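A structural walkthrough
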Amino acid sequence: MIRTPELIDVLAGELKPVRRLRSPVFRAACWALVAAGVVILLAVSQGVRADLAQRLSDSSFALALGGAAATAICAAAAAFALAVPGRSRLWALLPAPPLLLWLAAVGRQCLTHWVRYDAGAMMMGDTARCFATVVLTSLPLWLLMLLMLRRSGAVRRVLPTLAGSLAVAATAGVAMDLLHALDASAMILLWNFGTGTAIMLIAALFGRTMPMSSLSLPR
Amino acid sequence: MTGERSNLRLVAPAQHTEGEQTNYELDWSIMMARAQSGDGDAYRRLLTAVAPYLRARALARLGSPEEAEDAVQDTLITVHEVRQSYDPGRPFGPWLVAIANRRVADRLRRMRRRHKLSEAAADVVGNAPRRQDKTVLDNRALEAALDDLTPEQAQAIRLLRLEEQSLADAAAQTGRSIGALKAATHRALKALRRRLLEGPRP
């Protein structure tokens, strides 16, 4: 093993200027802008649902939509804050209030509207398109989230990834609300937390050795 | 020199006032901000200043000086890797301590895993002569192999494996911590195994 003073010399010798990370809230705002862009692109290509204007006047629907959007932004801010060493664990609670609002509004919608759905009218094609919407929203936003969290393994792995999953899931929820008549919040949450778990497993398998590999230390 | 003064203060903070503590944290914060802009000298002074502090923290939790040194180095490497995440508008201490705690916890987990392995290995090495009537391990070969170890490692092997003392007795006799003895034993067993299986070093 190299001696500590030698290690310090190596580190100081290879020091390059770095650009400081912006505040978690600023970074969350940037992420949310990209998320909004993805949802708008999807809306343009797939078209919004036919009854959007009518549904927006329903307070439950508007609350669910607002709740999902707020959850996405708060969860993204929480993910970026939790990834910074020394930041409080309490950041994980930031998305809790909007998440509760979102889930409560979705629950209320289910209670008041589920009888109106005609089971026979729900075709296989609808489900496939919904799934496509979820995947098309989630994948680019997941990639961006991972890119922005790439150094997060330094102190915490699980909490930032969980918060990131929630941010992506909530954005997919917004896209589903705007684009499809089918309520699929459960599917979206499951899909995204599944993705989050898979990413954490991959990080656990390979992540530990990654930060060191970029350094060429005389060991 | 600022760096040296900082070392003393952090290792023995009780001798200094809170105002002074804030001062050196501010020094570190400024040095880190300079390091972020590419100032290698400030960075070297900062890392040299924080190393004793990190070492004292790691030693308190790991017990073994070797393991503590490894944890210090892991911490310094992580600090280097994530240096862009430090915000000079915030105190430097919590940022550094969060990284150090994580690396010490990693090291502790690795030590526990290795300890289990070394116990298994010790069973193999320890049982071999008894099973095969002292023909496998010639005493002279063992003595020669012990000469190759560091004095700490050889002492740990003699007390714990050859005289079969308990860890607590050996710790009391040598004045070294149980963690240090365990680590020395582990390293010694590894070296012995290599030496006895592969023959003497050229």
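Refer to the preceding data block for the structure.
Residues numbered from 1 in each chain as written. Chains lettered and ligands numbered in written order. Predicted model: local features only at pLDDT ≥ 70, side-chain atom pairs only at ≥ 80, totals over all residues. Heavy atoms only, no water.

Further remarks concern the overall build of chain B. Check the secondary structure of chain B and you find nine helices and zero strands. The secondary structure elements of chain B, listed N-terminal to C-terminal, are α-α-α-α-α-α-α-α-α. Expressed as a percentage of its 202 residues, the buried residues of chain B come to 45%. Across chain B, every contact between residues at least 6 apart in sequence was considered, and the portion connecting residues at least 24 apart equals 62%. Accessible surface for chain B amounts to roughly 10700 Å². Of this, 52% is attributable to carbon and sulfur atoms. (Helix = DSSP H or I, 4+ residues; strand = E, 2+ residues; numbered from the N terminus. Buried < 20%, exposed > 50% of the residue type's maximum accessible area, 1.4 Å probe, protein only. Contact = heavy atoms within 4.5 Å. Areas by Shrake-Rupley, 256 points an atom, 1.4 Å probe, with all protein chains shown as cover.)

A separate point is the overall build of chain A. Helix and strand counts for chain A come out as nine helices and zero strands. Mapped in sequence order, the helices and strands of chain A form the string α-α-α-α-α-α-α-α-α. Burial statistics for chain A: of 219 residues in total, 44% are counted as buried. Across chain A, the fraction of contacts at a sequence separation of at least 24, relative to all contacts at a separation of at least 6, is 82%. Roughly 11400 Å² of accessible area belongs to chain A as shown, and the carbon and sulfur atoms make up 71% of that amount.

So, on to the packing of aromatic side chains. Applying the stated criterion across every chain, the model contains five aromatic pairs over all chains. Ring centres of Tyr86 of chain B and Phe92 of chain B lie 5.4 Å apart, and the angle between their planes is 80°; on these two criteria the pair is classed as edge-to-face. For Arg22 of chain A, the ring lying beneath its charged end belongs to Phe26 of chain A, and the centroid distance is 4.2 Å. Positioned above the aromatic ring of Phe80 of chain A is the side chain of Arg27 of chain A, whose terminal nitrogen or guanidinium carbon lies 4.7 Å from the ring centre. (Phe/Tyr/Trp six-rings, centres within 6.5 Å; stacked < 30°, edge-to-face > 60°. Lys NZ or Arg CZ within 6 Å of the ring centre and 35° of its normal.)

Next up on the list: the pattern of salt bridges. Should the charged atoms of two oppositely charged side chains come close, the side chains can pair. Residues and elements named next belong to chain B. The tally for this structure, following the rule as stated, stands at twelve salt bridges over all chains. One salt bridge connects Arg44 with Asp41, and the closest N-O pair in it is separated by 3.6 Å. Here Arg44 pairs with Asp41, and both are found in helix α3 (residues 40–62), just three residues apart, close to one helical turn. The exposure class assigned to Asp41 is exposed, which follows from its relative accessible area of 53%. A single network of salt bridges, built from pairs that share partners, joins Glu67, Asp70, Asp74, Arg107 and Arg187. (Salt bridge = Lys/Arg side-chain N within 4 Å of Asp/Glu carboxyl O.)

Take the interface of chain B and chain A next. With 38 residues of chain B at the contact, the number on the chain A side is 35 residues. When chain B packs against chain A, close to 3000 Å² is buried across both sides, 60% of that on carbon and sulfur atoms. Between chain B and chain A we count one salt bridge in total. The residue Asp9 of chain A makes a salt bridge to Arg44 of chain B at a minimum N-O spacing of 2.9 Å. (Buried area = accessible area lost by both parts, 1.4 Å probe.)

Turning next to the packing of helix α4 (residues 59–82) of chain A against helix α7 (residues 158–179) of chain A. Residues and elements named next belong to chain A. The interhelical angle for the contact between α4 and α7, taken along N-to-C directions, is 155°, at an axis separation of 7 Å. It follows from the interaxial angle that α4 and α7 lie roughly antiparallel. As α4 runs across α7, the sense of the crossing is left-handed. Facing Phe61, Ala64, Leu65, Ala68, Ala69, Thr71, Ala72, Ala75, Ala76, Ala78, Ala79 and Leu82 of α4, the residues of α7 in contact are Leu159, Pro160, Ala163, Gly164, Leu166, Ala167, Ala170, Thr171, Val174, Asp177 and Leu178. Class assignment for the residues of the contact of α4 with α7 results in 19 nonpolar, three polar and one charged. (Axes fitted to C-alpha atoms, helices over the stretch in contact; angles between N-to-C directions. Parallel < 35°, antiparallel > 145°, perpendicular 65-115°, else oblique. Left-handed = near helix turned anticlockwise from the far one by under 90°. Nonpolar A, V, L, I, M, F, W, Y, C, P; charged D, E, K, R; others polar.)

Two measures define how a pair of helices packs: the angle their axes make with one another and the distance between the axes. All names here are of chain A. It is at 8 Å that the axes of helix α2 (residues 24–46) and α4 come closest, and there the two elements cross at 135°. When the axes of α2 and α4 are compared, the pair comes out oblique. Two packed elements cross with a definite hand, and for α2 against α4 that hand is right-handed. Facing α2, whose interface residues are Pro24, Arg27, Ala28, Trp31 and Ala32, α4 presents Ala72, Ile73, Ala76, Ala77, Phe80 and Ala81. For the contact of α2 with α4, the class distribution of residues is ten nonpolar, no polar and one charged.

All names here are of chain B. With respect to the helices, strands and loops of the structure, Glu67 is situated in helix α4 (residues 65–81). Given a relative accessible area of 1%, Glu67 falls into the buried group. Not counting residues up to four positions away in its chain, the partners in contact with Glu67 are Leu62, Arg107, Met111, Arg114, Ala183 and Arg187.

Another aspect to go through is the environment of Pro17 of chain A. With respect to the helices and strands, the residue Pro17 of chain A is situated in the loop between α1 (4–13) and α2. Note on Pro17 of chain A: relative accessible area 57%, which makes it exposed. If sequence neighbours within four positions are ignored, Pro17 of chain A has contacts with Gln36, Ser37 and Gly38 of chain B.

All names here are of chain B. Along the polypeptide, Arg103 turns up in helix α5 (residues 92–131). Residue Arg103 is classed as buried on the basis of its relative accessible area of 10%. In this structure the side chain of Arg103 is engaged in a polar contact, spanning 3.0 Å, whose partner is the side chain of Thr78. There is a polar contact of 2.8 Å between the side chain of Arg103 and the side chain of Asp106. (Polar contact = N/O pair within 3.5 Å; in protein donor to acceptor, adjacent residues only side chain to side chain.)

Right, let's get into α7 of chain A. Here α7 of chain A contains 22 residues, and its C-alpha end-to-end distance of 31 Å stays within 8% of the 32 Å for a straight helix at 1.5 Å per residue. Within α7 of chain A, 19 of the 22 residues are buried, leaving the element largely enclosed by the surrounding structure. (Expected span 1.5 Å × (residues − 1).)

Now for the nonpolar core. Trp31, Ala76, Phe80, Trp102, Met145 and Leu178 of chain A are the most contacted members of the largest nonpolar core, which totals 38 residues. Secondary-structure elements contributing two or more residues to this core are α2, α4, α5 (96–113), α6 (124–148) and α7 of chain A. In terms of nonpolar packing, the next biggest core, distinct from the first, is built from 34 residues, Met31, Val72, Ile77 and Tyr86 of chain B among them. (Core = buried A, V, L, I, M, F, W, Y, C linked by side-chain atoms within 4.5 Å.)

Moving on, we get to the environment of Leu181 of chain B. All names here are of chain B. By the element assignment, Leu181 lies in helix α9 (residues 178–198). We classify Leu181 as buried; its relative accessible area is 0%. Each C-alpha atom of the pair Leu181 and Ala170 lies 8.1 Å from the other, and the pair is eleven residues apart in sequence. Once residues lying within four places of it in the same chain are set aside, the contact partners of Leu181 are Ala156, Leu160, Leu167, Ala170, Ala171, Thr174 and Arg176.

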